[in-house]
Amino acid sequence: LAHSAAARKEQRRLDAEKRQKLQPLRKELQKIEARMEKLNGKKAALESELADPAIYEAAGTERLKQLLAAQTATAQELAEVEERWLELSEQLEENCSPSGAQ
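No experiment lies behind these values; they were computed from the predicted model shown. (Residues numbered from 1 in each chain as written. Predicted model: local features only at pLDDT ≥ 70, side-chain atom pairs only at ≥ 80, totals over all residues. Heavy atoms only, no water.)

Draft legend 1. A look at the nonpolar core. Within the largest apolar cluster, 10 residues are counted, these being L22, L25, L29, I32, M36, L39, L78, V81, L88 and L92. Sorting the residues of this core by element identifies α1 (2-50) and α2 (61-96) as the ones contributing at least two each. Per element, the largest residue contribution to this core is 6 residues, and it comes from α1. Apart from residues no more than four positions distant in its own chain, V81 is found in contact with I32, R35, M36 and L39. The next biggest cluster of nonpolar side chains, apart from the first, holds 5 residues, and it includes L50, I55, L64 and L67. (Core = buried A, V, L, I, M, F, W, Y, C linked by side-chain atoms within 4.5 Å. Buried < 20%, exposed > 50% of the residue type's maximum accessible area, 1.4 Å probe, protein only. Helix = DSSP H or I, 4+ residues; strand = E, 2+ residues; numbered from the N terminus. Contact = heavy atoms within 4.5 Å.)

This is how it looks when you write it as structure tokens:
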């Protein structure tokens, strides 16, 4: 009985250690999710402006170039952020997989 209590105590200590080790990953994942949300909002706003037919008239040419450049940059950054999100999610999943107790 004492052995199993000691084993449970050790398992709880290991689990706490694991949670503490994973905390920075979880925090970075939260930051990345917030960044993705912001970029998706920016992307939607750009697409909305680009949907306006007036932007394609001669007077809107400079603004059109700016919008297209911003759209490209936003899409590229979003792809990079999503890739990092996937990497972190996989790391968390690998480290959180059950190792016997829970």
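Draft legend 2. Looking closely at the environment of L88. As for its placement among the helices and strands, L88 is situated in helix α2. The exposure class assigned to L88 is buried, which follows from its relative accessible area of 0%. Contact partners of L88, with chain neighbours within four places excluded, come to L25, E28, L29 and I32.

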